[in-house]
Amino acid sequence: ASKLKQGLSRTRQNLGKQLSSLFSGGKIDEELYEELETILLTSDIGVNATHQLLENLRKQVKRDALTDSMQLKQALKKSLIAMLEPLAQPLDTTTHKPFVIMIAGVNGVGKTTSIGKLAKYFQTQGQSVLLAAGDTFRAAAREQLIAWGERNNVTVIAPDSDPGKKSDPAAIIFDAVNSAKARGIDIVLADTAGRLTTQLHLMEEIKKVKRVISKAMPDAPHEVLLVLDANTGQNAITQVKAFNDALNVTGLILTKLDGTAKGGVVAAIAGQYPENPPALRFIGVGEGLDDLRPFDAGEFVEALLD
Ligand code: GDP
């Protein structure tokens, strides 16, 4: 938990400090609510989530007859946990074998790095992993995965290194799924090239990748993980929408929470979909292999606002 705290330090400094000084004692009045609103809005929590939090807070103040602002910190934590709890839906990979996970997202958000971390995570859970180097666009991504696979004794299905040969990401992942079936592997992690949501031909291409995967195994991919960079703040919401429209995203990874003061985006995601919250499977809090952890709302809020 202290690792998480350390990882969230920039958001803690920004949001946590401001809240601590606001909740340092004194009357709970309209002025205080207004200041709180400003702090939340400038922490990338977003309009929807900010309003939901304030509404919930006002209810608690009334119900519990709170009078001193010092009591608000606990109340805010409670509201925040209640709001983030629905996002915490751990990924169950035991439903299929192999369990095929397709990774998608915008360029540079941390897809390839997250695949390495996920492979390590599943291995420590006792599951065998196979990687599919489906990012055939960025040469470094292929090398990154192969190097990672060698270091960790994990098979990587990758395209031919001949640069003159154009390789098809769908074909690579198709082969990887078949190979995993033949070898009795538990989990396939399939990388895909980064793409902007405005590059419509690339969004079409990734839909095709998904369709081809289902030809290798009827229900596959069993998980479509969208990787988001916390630094993009509110923009992450736009990415969720676009990728979801194209692929039916089943889970999210939010990376780089350590490098940003915009950790409030977690609440923005929750606030955007109060009826049907997406599953935030993992959060990335550093560049190291162990810096990916399943999202836990209580742990997250405690680390953020202790
Ligand atoms: P891709 O283009 O989406 O595959 O992105 P990469 O996996 O190549 O990552 C881009 C950069 O982000 C690399 O320098 C990674 O080390 C870095 N990165 C990825 N995840 C995290 C994270 O959780 N925290 C930090 N600080 N850096 C990260």
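What you see is a predicted model, and the numbers here were worked out from it, not measured in a lab. (Residues numbered from 1 in each chain as written. Predicted model: local features only at pLDDT ≥ 70, side-chain atom pairs only at ≥ 80, totals over all residues. Heavy atoms only, no water.)

The next thing to look at is the nonpolar core. Of all hydrophobic cores here, the largest spans 101 residues; its most connected members are Leu-84 and Leu-189. Each residue touching Leu-189, except ones within four places of it in the same chain, is listed here: Ile-101, Ile-115, Leu-118, Ala-119, Phe-122, Val-129, Leu-130, Leu-131 and Ala-132. (Core = buried A, V, L, I, M, F, W, Y, C linked by side-chain atoms within 4.5 Å. Buried < 20%, exposed > 50% of the residue type's maximum accessible area, 1.4 Å probe, protein only. Contact = heavy atoms within 4.5 Å.)

This next bit is on the packing of aromatic side chains. Summed over all chains, the structure comprises three aromatic pairs. Geometrically, the ring pair formed by Tyr-121 and Phe-122 is edge-to-face, given 5.4 Å between the ring centres and 70° between the ring planes. Look at Phe-122 and you get buried, because its relative accessible area is 2%. Here the basic side chain of Arg-58 rests over the ring of Tyr-33, its NZ or CZ set 4.1 Å away from the ring centre. (Phe/Tyr/Trp six-rings, centres within 6.5 Å; stacked < 30°, edge-to-face > 60°. Lys NZ or Arg CZ within 6 Å of the ring centre and 35° of its normal.)

Let us now look at the sheet that holds strand E1 (residues 99–104). Hydrogen bonds between backbone atoms are what pair the strands of a sheet, whose relative direction is either parallel or antiparallel. Here eight strands make up an open sheet; going across it, the order is E3-E2-E4-E1-E5-E6-E7-E8 and the pairing mixed. This sheet does not close on itself; its edge strands, each paired only once, are strand E3 (155–157) and strand E8 (292–294). Ignoring which end each strand starts from, the neighbouring axes of this sheet average 25° apart. As paired elements, strand E2 (residues 129–132) and E3 share three bridges and run parallel to each other. The residue bridging Leu-130 from the neighbouring strand is Thr-155, located in E3. (Pairing = 2+ DSSP bridges. Helix = DSSP H or I, 4+ residues; strand = E, 2+ residues; numbered from the N terminus. Axes fitted to C-alpha atoms, helices over the stretch in contact; angles between N-to-C directions.)

Bringing the packing of helix H4 (residues 47–63) against helix H5 (residues 72–84) into the picture now. For the pair H4 and H5, interaxial distance at closest approach is 9 Å and the crossing angle is 130°. If you check the angle between H4 and H5, you find them oblique. Seen from above, H4 lies across H5 with right-handed handedness. Contact residues: H4 offers Ala-49, Gln-52, Leu-53, Asn-56, Leu-57, Gln-60 and Val-61, while H5 offers Leu-72, Ala-75, Leu-76, Lys-78, Ser-79, Leu-80 and Met-83. (Parallel < 35°, antiparallel > 145°, perpendicular 65-115°, else oblique. Left-handed = near helix turned anticlockwise from the far one by under 90°.)

What follows covers the site of the ligand. As a structural note, the neighbourhood of the ligand is formed by 16 residues, with Lys-111, Thr-112, Thr-113, Asp-258 and Glu-287 the closest of them. The separation between an oxygen atom of the ligand and a polar side-chain atom of Lys-117 is 3.3 Å. Side-chain polar atom of Glu-287 to an oxygen atom of the ligand: 2.6 Å apart, as the coordinates give it. In the complex, the protein chains occlude 79% of the 580 Å² of accessible area that the ligand would expose alone. Counting residues per element, the shell around the ligand draws most heavily on helix H6 (residues 111–124), at four residues. Of the residues in the shell around the ligand, the class split is two nonpolar, eight polar and six charged. (Near = heavy atom within 4 Å. Polar contact = N/O pair within 3.5 Å; in protein donor to acceptor, adjacent residues only side chain to side chain. Areas by Shrake-Rupley, 256 points an atom, 1.4 Å probe, with all protein chains shown as cover. Nonpolar A, V, L, I, M, F, W, Y, C, P; charged D, E, K, R; others polar.)

For the rest of this paragraph, the subject is helix H8 (residues 169–183). Between its terminal C-alpha atoms H8 stretches 21 Å, which fits the 21 Å expected from 15 residues at 1.5 Å a residue. Taken together, the buried positions of H8 are occupied by Pro-169, Ala-170, Ile-172, Ile-173, Ala-176, Val-177, Ser-179 and Ala-180. In the core, the buried residues of H8 are packed alongside E1, E2, E3, strand E4 (187–190) and helix H9 (200–216). For H8, the N-terminal capping position is held by Asp-168, with its side-chain oxygen 3.2 Å away from the main-chain nitrogen of Ala-170. Downstream of H8 by one or two residues, Gly-184 has phi in the positive range, about 70°. (Expected span 1.5 Å × (residues − 1).)

This paragraph deals with H5. The terminal C-alpha atoms of H5, which comprises 13 residues, lie 18 Å apart, in line with the 18 Å expected from a rise of 1.5 Å per residue. All of the buried residues along H5 are Leu-72, Ala-75, Leu-76, Lys-77, Ser-79, Leu-80, Met-83 and Leu-84. Packing partners of the buried residues in H5 comprise helix H2 (9–22), helix H3 (30–41), H4, helix H11 (265–272) and helix H12 (297–304).

Our focus in this paragraph is the pattern of salt bridges. Two side chains carrying opposite charge are able to pair once their charged atoms lie near each other. One pass over the structure, following the stated rule, counts 17 salt bridges. Of the charged contacts, one joins Arg-12 and Asp-306 as a salt bridge, the two residues approaching to 3.1 Å between their closest N and O atoms. Placement of the pair is Arg-12 in helix H2 and Asp-306 in the segment after H12, with a sequence separation of 294 residues. Judged by relative accessible area, which is 21%, Arg-12 ranks as partly exposed. (Salt bridge = Lys/Arg side-chain N within 4 Å of Asp/Glu carboxyl O.)

Below, the discussion takes up unusual backbone geometry. For the peptide bond that leads from Lys-97 to Pro-98, omega is -5°, which places it in the cis range. Here Pro-98 is to be found in the loop between H5 and E1. Cis geometry marks the peptide bond from Ala-220 to Pro-221; its omega dihedral reads -5°. Checked against the element boundaries, Pro-221 lands in the loop between H9 and strand E5 (223–229). You will see that Asp-44, though not glycine, has its phi angle at about 60°, which is positive. One can find Asp-44 in the loop between H3 and H4.

Per-residue confidence for the protein gives a mean pLDDT of 92; residues scoring 70 or more make up 98%. Model confidence for the complex is summarised by a pTM of 0.94, with the ipTM given as 0.98. (pLDDT = per-residue confidence, 0-100.)

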